[in-house]
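Below are the chains, spelled out letter by letter.
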Amino acid sequence: MSISVIIPAKNESVGIKQIIEQVEPYADEIIVVDGHSEDNTKEIAGKHGAKVIMDNGKGKGDAYRIGINIARGDIIVFIDADGSHEPKDIPRLAEPIIQGKADLVIGSRMLGGSDEFHGNYSNYVRMVGGGLITLIINLRFKTALTDCLNGFRAIKKDVALSLNLKANQFDIEHEMIMKCLKKGYKVCEVSSHEYERQWGKSKLPTFRMVHRFLFRLLKEL
């Protein structure tokens, strides 16, 4: 099964070359979906072999949908452009799908550890909020997932296309999981370590996104 790696990126010129080089050994296709960067992210990505396409300026969820629609691979892997995910884990994400054991595979920070689960108030809110969303999803769908909000994940392309994803922001991540579960698709996790962001600035406004995360959770429940 062929693998398309999708990298949503905005103003990641410092590290986009490194991410592309790190995922290249595991990808049949690399797609950088650019969020109207004000630096030269697009130029660097294109120069180093990625297919570059612009999103509609709506957010990460919009970038996911665009990537899903143009990807040619049987399996789509999403990875962030900030250096926080471990590209070497891409085969581990894809393997349950290749073996027919899963349709969606999440890289779990709860199983693999995270360098960001410490210290400041924002990280604490993210951890507690993510844990609460995961708990509610587990109760509703009788699952035992540990990390529903990690963007490092793999999904079969035909499954992704069938979900009719609507979220434009980071809430696409738990929308994807809940729609898979509602449709009876198999969802599992593998451990993956999360590093601190290696460059650039976070695009996730933690406090301003709370209402959006809760709205998406309640809507899909």
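Read on for an overview of the structure. This is a predicted model, so every value here is computed, not measured.

Cut-offs and rules
Counting from 1, residues in each chain are numbered in the order their sequence is written. Under the rules for a predicted model, residues below a pLDDT of 70 receive no local features and side-chain atom pairs below 80 are neither given nor counted, while totals for whole chains, interfaces and linings still include all residues. Heavy atoms throughout the structure, all of them, feed into the side-chain values; hydrogens and water do not. Put simply, a salt bridge is a Lys or Arg side-chain nitrogen that is within 4 Å of an Asp or Glu carboxyl oxygen. Helical segments are the DSSP runs of H or I of at least four residues, strand segments are the runs of E of at least two, and each set is numbered from the N terminus. Relative accessibility decides the category of a residue: with a 1.4 Å probe and only protein chains considered, values under 20% of the type maximum give buried, values over 50% give exposed, and everything between is partly exposed. Any two residues whose heavy atoms approach within 4.5 Å at even a single point are treated as in contact. Two strands qualify as a pair provided DSSP detects at least 2 bridges between them. Under the rule applied, a polar contact is a pair of N or O atoms within 3.5 Å (in protein, one hydrogen donor and one hydrogen acceptor; residues adjacent in sequence only if both atoms are side-chain atoms).

1. Examining the pattern of salt bridges
Then step 1. Here the structure, examined in full by the defined rule, presents 11 salt bridges.
Then step 2. The residue Asp 147 makes a salt bridge to Arg 109 at a minimum N-O spacing of 2.7 Å. Here Asp 147, found in the loop between α6 (121–141) and β6 (153–156), pairs with Arg 109, found in helix α5 (residues 109–112); they are 38 residues apart in sequence, far enough to count as distant.
Then step 3. Across the pair Glu 175 and Lys 179 runs a salt bridge whose closest N-O atoms are separated by 2.9 Å. A residue pair is termed a helical-turn pair when its members lie 3 or 4 positions apart in one helix, as Glu 175 and Lys 179 do in helix α8 (residues 172–182) at 4 residues.
Then step 4. A residue is classified by how much of its surface remains accessible, and Lys 179, at 13% relative accessible area, is buried.

2. As for the side chain of Ser 108
Then step 1. Structurally, the position occupied by Ser 108 is in strand β5 (residues 104–108).
Then step 2. By relative accessible area, Ser 108 is classed as buried at 0%.
Then step 3. Setting aside its immediate chain neighbours within four residues, Ser 108 contacts Thr 146, Asp 147, Asn 150, Glu 189, Val 190, Ser 191 and Ser 192.

3. A word on the pairing of β6
Then step 1. In the sheet, strand β4 (residues 75–78) pairs with β6 via 4 bridges, with the strands oriented antiparallel. Directly across from Val 77, in β6, lies its bridge partner Ala 154.

4. So, the side chain of Asp 34
Then step 1. Note on placement: Asp 34 falls in strand β2 (residues 29–34).
Then step 2. Among the polar contacts made by the side chain of Asp 34, one reaches the main-chain amide nitrogen of His 36 at a distance of 3.0 Å.
Then step 3. At 2.5 Å, the side chain of Asp 34 forms a polar contact with the side chain of Ser 37.
Then step 4. Discounting residues that sit within four places of it in the chain, Asp 34 has contacts with Ala 9, Thr 41, Lys 42, Ile 53, Met 54 and Asp 55.

5. A word on the environment of Ile 137
Then step 1. In this structure, Ile 137 sits in helix α6.
Then step 2. In the structure, Ile 137 is positioned 40 residues away from Ile 177 in sequence and 8.9 Å away in space, judged by C-alpha atoms.
Then step 3. The residues touching Ile 137, leaving out its near neighbours within four places in the chain, are Lys 142, Thr 143, Cys 148, His 174, Met 178, Leu 181 and Leu 217.

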